[in-house]
Amino acid sequence: MPPIQRNSTRAVYAGDLQIGSDAAISVQSMCATSTTDVEATSAQANQLNDQGAGLVRIAVDSAKDADALAEIRKRTKARLVVDLQEHYRLAARVAPHVDKLRYNPGHLHHHERSRPMRDKVRELTEIAGQNDCAIRIGVNCGSVAPEYDERYPNDSIGAMVACAIDHCGYMDEIGFENFVVSLKDSDPAKVVEANRCFAAERPDVPLHLGVTEAGLLPFGEIKTRVAFEQLISQGIGDTVRVSLTLPNDRKHEEVLVGKSIVADIEAGRFRSVPDLSGLNIISCPSCSRVENERFVDLAENVRDLTRYAEAHDVTIAVMGCRVNGPGETDDADLGLWCGPRTVNVKRAGEKLGSYGYDEVLQVLKKELDQLIAVRETTL
Ligand code: SF4
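Given the structure is predicted, the values throughout are model-derived calculations rather than measurements.

S.K.: I'm lost on the pattern of salt bridges in this one. Help?
M.R.: A pair can form between side chains of opposite charge whenever their charged atoms are brought close. The final tally for this structure, using the stated rule, is 36 salt bridges. We note a salt bridge from R79 to D16, for which the minimum N-O separation is 2.5 Å. Residue R79 is found in the loop between α2 (63–74) and β5 (80–85), and its partner D16 is found in the loop between β1 (12–14) and β2 (17–19); the two are separated by 63 residues along the sequence. Under the relative-accessibility criterion, D16 is labelled exposed at 63%. Of the charged contacts in the structure, one is a salt bridge between R307 and D304, with a shortest N-O distance of 3.2 Å. Residue class for R307 comes out partly exposed when judged on its relative accessible area of 44%. Three or more residues joined by partner-sharing salt bridges are found here, namely R57, D61, D83, R102 and R289.

S.K.: Got a minute to help me understand the sheet that holds strand β15 (residues 350–356) in this structure?
M.R.: Picture the strands of a sheet paired through backbone hydrogen bonds; they go either parallel or antiparallel. In spatial order, the strands read β11-β12-β13-β14-β15; together these five strands make up an open sheet with mixed pairing. Strand pairing shows two members of the sheet lacking a second neighbour, β11 (280–283) and β15, which therefore form its edges. For this sheet, the mean inter-axis angle between neighbouring strands, taken without regard to orientation, is 15°. The sheet contact formed by strand β13 (residues 334–338) and strand β14 (residues 342–347) spans five bridges and is antiparallel. Each residue of the ladder has a partner; that of G335, found in β14, is K346. Set on the sheet, helix α12 (residues 360–377) makes contact with β12 (315–319), β13, β14 and β15; between it and β13 the angle comes to about 165°.

S.K.: I would appreciate a short explanation of the site of the ligand in the present structure.
M.R.: All residues adjacent to the ligand are C284, P285, S286, C287, R289, V290, M319, G320, C321, V323 and N324. Residue composition of the shell around the ligand, by class: seven nonpolar, three polar and one charged.

S.K.: Got a minute to help me understand unusual backbone geometry in this structure?
M.R.: Most peptide bonds take the trans form, and the phi angle of most residues other than glycine is negative. Residue P218 follows L217 across a cis peptide bond; omega there is 0°. The topology assignment puts P218 in the loop between β9 (208–209) and α8 (219–232). At S21, a residue that is not glycine, the phi angle is positive and equals roughly 55°. With relative accessibility at 30%, the residue S21 sits in the partly exposed group. In this model, N154 sits at a positive phi of 60°, which is unusual for a non-glycine residue. Position of N154 among the secondary structure elements: in the loop between α5 (146–151) and α6 (156–174). For N154, a relative accessible area of 87% corresponds to the exposed category.

S.K.: Even after reading the chapter, I still don't get the sheet that holds strand β4 (residues 55–59), so can you show me in this structure?
M.R.: Reading across from one edge, β8-β7-β6-β5-β4-β3-β10-β9 is the order of the eight strands in this open sheet, with parallel pairing throughout. Of all the strands in the sheet, the pair left with one neighbour each is β8 (179–184) and β9. The sheet contact formed by strand β6 (residues 100–103) and strand β7 (residues 134–140) spans four bridges and is parallel. Paired with L101 across the strands is I135, a residue of β7.

Cut-offs and rules
- Residues numbered from 1 in each chain as written.
- Predicted model: local features only at pLDDT ≥ 70, side-chain atom pairs only at ≥ 80, totals over all residues.
- Heavy atoms only, no water.
- Salt bridge = Lys/Arg side-chain N within 4 Å of Asp/Glu carboxyl O.
- Helix = DSSP H or I, 4+ residues; strand = E, 2+ residues; numbered from the N terminus.
- Buried < 20%, exposed > 50% of the residue type's maximum accessible area, 1.4 Å probe, protein only.
- Pairing = 2+ DSSP bridges.
- Axes fitted to C-alpha atoms, helices over the stretch in contact; angles between N-to-C directions.
- Contact = heavy atoms within 4.5 Å.
- Near = heavy atom within 4 Å.
- Nonpolar A, V, L, I, M, F, W, Y, C, P; charged D, E, K, R; others polar.

As structure tokens, this is what we get:
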């Protein structure tokens, strides 16, 4: 198998890790432990690092998380990425302890609403520059900025790509080059199209690939392979993350699966012509923001409960919190997203209610049976 002709992206540095240009495709992962639990998060960061994660991401949503991150830094050799979502005002506090900052353009409008977006981006680049950090512009299907949804109604890929291109434009204006981009969706086909479209416009910018909320094994791996095989085999993709819903003691399997997918593609071993019709369970990989520790069990119970419906083209989304929960469950036939004490349930985007963790599965079963019955009568 001749070597893959990779896009000639620029070299970006997160600590001593090169991403892009002639660097090998690196594999990343993210801690699912509570960031304020310094012991558990340091242990998970080391677990992921020991298995070969080039970068380990940690969520920071508060000053308490930021202080904990400073402690975690002292207890791990892993290269760290901080996931800021909308909390860009914590960047200066965490940048000295990490190698990369990830922000989600779809959440930057939540704070300082009258302040221009490019100002907020400029602030992030200044802080990154002062602390020798790389930046990831992390666009996610479940949280695209409202202005792009308005500009691209019913065209989520157009909205994601336009958002990423605009933010690259801000970086160019500022003259900041140490950044990568990601465009993630829970649908592998949309991941392929969005990254192809972006790479066609900005072949110079390194790409972080991932199928968001790919879910439980084995389907989480299969969905990810579908996208990665089609992109990496065409030279698109410089670093990857496999988002799997796993118990904390098995989180390192994300790295192992990621490494095996990249190795297979580079060796020309392609597997992904799977039949993805039938029941599709989308679930997030969990992180420090998870609203209730029972999330992974809930996702696994949903899988086990719904096996009888595998032949039906139904999408069920199970999300850990309000960050991507509401958005991601909008596109599913049935959606669950976790709250601290209850689980919110949606049917085709319409909220049905909030239910206790011990009763939500019965609610889901009733809704699923009704959905299947309605579809069978309209066949
Ligand atoms: S949906 Fe929430 S809990 Fe799940 S990975 Fe995203 S931010 Fe974390």
